[in-house]
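What the coordinates show
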Amino acid sequence: MPNTNFPAKPEPPTMEPSSPRKPTLCLPVDSENKANEFHPLSSSPPHMLCFHLAWLCLFSCFISTFSIPPLVPIIRKDLNLSAADVGTAGIAAFIGAIFSRLAMGPVCDLVGPRIASATLSLLTAPFVLATAFVSSPNSFILVRFLVGFCLANFVANQFWMSSMFSSSVVGLANGVAAGWANMGAGLAQLVMPLLYSLVKSFNVPENTAWRVIFVVPAAFQALTAILVLVYGQDLPCGNYGDFKKISSRPKENFIKVFFHGVLNYRGWILGLTYGYCFGVEMTMDNVISQYFYYRFGVNLEVAGTIAACFAFTNWFARPMGGVFSDQMAKRFGIRGRLWSLWAVQTVAGLLCALLGRLDSLGGSVAVMCIFSVFVQASSGLTFGVVPFVSRRSLGVISGMTGSGGTLGAVVTQTLLFSGDKFSTQTSISLMGLMMIVCTLPVSLIYFPQWGGMFCGPKFSDESSADEDYHLLGIRSDDEEHNQDYI
């Protein structure tokens, strides 16, 4: 029977100001001054202005991270890179993101998303510029590893949106902020080959032309970080540090909250699932340009344009996944969220397997575009479930899931796209099969208060279960078991 009382998406704790100062707000807000509406084409402060700053900052990080792959055929020739070197560099870019994403959650708790994201972007921008000075396979691998750290801004991006928007629109805000930012990978695939051709047209040697253009992503990343620092604010009523000092909310032990999240099996399953939707997306961003360049003999600019089409669907696909999850939840509760996640990601896996078996350029491009919609929607669907795993350890669960995405990319790149064991087309098909298999554990996720894919809820009094879910602290030892479900 449809679950019409399914709770709204939870939000992280918000600090109250010590003064009665009323901020000037341009959108309807709730009691915590979080926006109840989402207008992505508006730049009204503070909510929509911070939305645009958040996605632009992460957008620049995706441009930086994926500015190298479309130029690999040129860089490979200049640095005498082997196939193993290229694969190792791709893995290195994701390894850095795994640990930095895990650390970013606590950093946001400590200093706020504004300082956290801007600082990370400023610290990693010089590494992007350092790409122009690499001279050996080892230095190339090291630079890709260091640049990959900037992808941790995804955590700050989602944290910031949850601080600015109420539960009625935070899912949509999170989906659009992440989806638009992910388009940076597509823009890099499109623009970097064009910049290379432009510089080369001035009779600049090849081995100099590709190096010069890395000034562009490095400068853009630094610029967005400065804009965040100057125009951004952590919360609707001010910056994070000021409110944290006067917060009256009792603080829980960090270690206890951390282990509460780590020991929740649902977080591990969602990390695995995210590893084979977002992780696959990142892997494709790393290899798709080279795939079309070598497999079908297109030139560098055409290969970059095709690869850009894969990433540009993030403009609507990831937000669409979040909206679809919300709509299914309104009709079927958590069961709707889980079934829609499993179905969409399984279809994505089938399309990925098919992509590697096609021999025509037109058919491959068409299937790639459809596949990109489904795999990116799967990412939105995954984060449609994440907020319901643990209200008390939401940051930990989000970090586990986000890190699972980059870990999945590392595993996939290592097993399938490193060395010459498999052809690229075979590796793409095998990656599709891995997606199908790694989505199956979603069926094991069960919430005692709401049920799972195949079973109903354990609690008969749903309103009581929902009340327990929204509690932030532990009231007593005999009630702590309720927190294990949330």
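Positionally, Glu281 belongs in helix α13 (residues 278–295). Spatially, the C-alpha atom of Glu281 lies 7.7 Å from that of Ser372, the residues being 91 residues apart in sequence.

What follows deals with helix α4 (residues 113–130). Taking 1.5 Å per residue, 18 residues should reach 26 Å; α4 reaches 26 Å between its end C-alpha atoms and fits that length. The largest bend in α4 is about 30°, located at Thr124, with the proline Pro126 one to four residues further on. Taken residue by residue, α4 has Pro113, Arg114, Ala116, Ser117, Ala118, Leu120, Ser121, Thr124, Ala125 and Val128 as its buried positions. Buried residues in α4 make contact with α1 (47–65), α3 (83–111), α5 (137–147), α6 (153–164) and α9 (215–231).

Next up on the list: the packing of aromatic side chains. Applying the stated criterion across every chain, the model contains 23 aromatic pairs. Where Phe145 meets Phe149, the ring centres are 5.2 Å apart and the plane angle is 90°; that geometry is what we call edge-to-face. Classification of Phe145 by relative accessible area gives partly exposed; the value is 26%. Overall, Phe149 belongs to the partly exposed group, its relative accessible area being 26%. Here Trp339 and Trp342 contribute two aromatic rings whose centre-to-centre distance is 5.7 Å and whose plane-to-plane angle is 90°, an arrangement assigned as edge-to-face. Taken together, the positions of Trp339 and Trp342, both in helix α16 (residues 334–355) and three residues apart, correspond to about one turn of that helix. Three or more aromatic residues link up through ring pairs in this structure, and these residues are Phe38, Phe51, Trp55, Phe59, Phe165, Trp180 and Phe220. The ring of Phe447 carries Arg266 above its face, with NZ or CZ at 5.4 Å from the centroid.

Calculation rules
- Residues numbered from 1 in each chain as written.
- Predicted model: local features only at pLDDT ≥ 70, side-chain atom pairs only at ≥ 80, totals over all residues.
- Heavy atoms only, no water.
- Helix = DSSP H or I, 4+ residues; strand = E, 2+ residues; numbered from the N terminus.
- Expected span 1.5 Å × (residues − 1).
- Bend = angle between axes of the 7 residues up to and from the residue.
- Buried < 20%, exposed > 50% of the residue type's maximum accessible area, 1.4 Å probe, protein only.
- Contact = heavy atoms within 4.5 Å.
- Phe/Tyr/Trp six-rings, centres within 6.5 Å; stacked < 30°, edge-to-face > 60°.
- Lys NZ or Arg CZ within 6 Å of the ring centre and 35° of its normal.

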